[in-house]
Amino acid sequence: MYYYYYICCDLFRAAIERIWIPHQVAYEYQKERLTVISQQSKPYDEIRELLDDELENLKKKLEEYSKRHSFTDCVNSKKIIQTIERANKRVYKFLEEGREKYPDLLHVDEFRDKLTNLLEGKVGKPYSDEKLDKIYKDAKKRFEKAQPPGYMDDRGKNKKDEPEKYGDVVIWHQLIDCAKSQNKSLIFVTDDQKEDWWLKHQGKTIGVRPELVQEMVEKAGVNFYLYTGDKFLEYASSFLKLTEQPEAIEEAREVRLQDDIDQDSLEQKQRPTRLPNYSSLDDIQRQINQYPPSKTLIDDLKRQINRFDDIQRQINQYPPPKTLIDDLKRQINQFRNGTDLF
């Protein structure tokens, strides 16, 4: 965190005339700041709680085994418990030492103070309530059409309440307004990895959504670029000839990748573990497009493809009208030849 912070400060100083923060970004930072800080202390308590729970489970098991003479004759349950308790106390001490080293950002936040000084006069103005109402209405229409950005905040377990779910659309409007007023191409730096900002194909991030580039050109007449935090640090540090700090870039990359893992885990929980019995190959194709299949789903899809092979055999044994045969053959061949499933 410290490497990342200090190279960001150096970068801000070097490029201060080019930096601008949308008001919505600053608002969301201030709004979520205390929650994020509080979450940093959670691991210390969670690890201690986990150790306590595991010790209790072990005590219950040993008590259960103590009723077996063959076990108590060979194992001293009390000694096992005492050994683990001593080890746990050492771990508790390590945890408290770690907690004490972590800065108390709830009371003194040097990071926020320095950022506030660096970004003085670089934060956009807030929209009026009237303008926000218009943007929210626009956002609803965009979400219905899955028009980027922001629509992923209105779906599944990612879904947010109103008006928070419209935050990305507000940011987008503010970016367009800034580009119009400055008449300059714009680079937006974000570690938000959802598909409503990034073009993705077969699980890989290709680049910025082309719809966003097109809309920026149409409404502001300038180009639009999108970088993750680590990539921007890498390119900007080189461009501005700052002192190389690869550890900061690597730290930024690790933070982003961890966010990706957390997001993938959430999406994985939302995916079905089994597929229903589909009535057409098109239904299977739609399922593939929506959820890149896990091995379980692949096995289930293979089973269903075999079911369509059974249909083919049935056709050969009991010929139906020629038009139906041709249509079924076309669908089966189209599915086999046009889908990179396995």
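Computed from a predicted structure; not experimentally measured. (Residues numbered from 1 in each chain as written. Predicted model: local features only at pLDDT ≥ 70, side-chain atom pairs only at ≥ 80, totals over all residues. Heavy atoms only, no water.)

1. Looking at the packing of aromatic side chains
Within this structure, the stated rule accounts for five aromatic pairs. Look at Trp-172 and Phe-224: their rings are 5.0 Å apart centre to centre, the planes differ by 75°, and that puts the pair in the edge-to-face class. Of this pair, Trp-172 sits in helix 8 (residues 167–182) while Phe-224 sits in strand 4 (residues 224–227), and the two are 52 residues apart along the sequence. With respect to class, Trp-172 is no different from Phe-224; both count as buried. Grouping aromatic residues by their ring pairs yields a cluster made of Trp-172, Phe-188, Trp-197 and Phe-224. A cation over an aromatic ring shows up here: Arg-48 above the ring of Tyr-92, its NZ or CZ 3.9 Å from the ring centre. (Phe/Tyr/Trp six-rings, centres within 6.5 Å; stacked < 30°, edge-to-face > 60°. Helix = DSSP H or I, 4+ residues; strand = E, 2+ residues; numbered from the N terminus. Buried < 20%, exposed > 50% of the residue type's maximum accessible area, 1.4 Å probe, protein only. Lys NZ or Arg CZ within 6 Å of the ring centre and 35° of its normal.)

2. A short note on the confidence of the model for the chain
Here the chain averages 76 in pLDDT, while 63% of its residues score no lower than 70. Per-residue pLDDT stays below 50 along residues 1–7; that stretch engages in 24 contacts with residues further than four places along the chain or on separate chains. Confidence drops under a pLDDT of 50 for residues 261–275, and excluding neighbours within four residues, the segment shows 24 contacts in the predicted structure. (pLDDT = per-residue confidence, 0-100. Contact = heavy atoms within 4.5 Å.)

3. As for a positive patch on the surface
Together, Lys-134, Lys-137, Lys-140, Lys-141 and Lys-145 make up a positively charged patch on the protein surface. Counting through the fold element by element, Lys-140 comes out in helix 7 (residues 129–144). (Patch = residues over 30% accessible without salt bridge, like charges linked within 9 Å, V, L, I, M, F, W, Y side chains within 5 Å. Areas by Shrake-Rupley, 256 points an atom, 1.4 Å probe, with all protein chains shown as cover. Salt bridge = Lys/Arg side-chain N within 4 Å of Asp/Glu carboxyl O. Lys, Arg positive; Asp, Glu negative; His and termini not counted. Charge placed at Lys NZ, Arg CZ, Asp CG, Glu CD.)

4. Thoughts on a negative patch on the surface
A contiguous patch of negative charge on the surface is contributed by Glu-46, Glu-49, Asp-52, Asp-53 and Glu-54. Checked against the element boundaries, Asp-52 lands in helix 3 (residues 42–65). Accessibility expressed as a relative area gives 33% for Asp-52, which makes it partly exposed.

5. Some words on the pattern of salt bridges
One pass over the structure, following the stated rule, counts 16 salt bridges. In this structure, Lys-59 and Glu-56 form a salt bridge, with 3.7 Å as the shortest nitrogen-oxygen distance. Note that Lys-59 and Glu-56 are positioned in helix 3 at a spacing of three residues, about one turn of the helix. With its nearest N and O atoms 2.7 Å apart, the salt bridge here joins Glu-211 to Arg-209.

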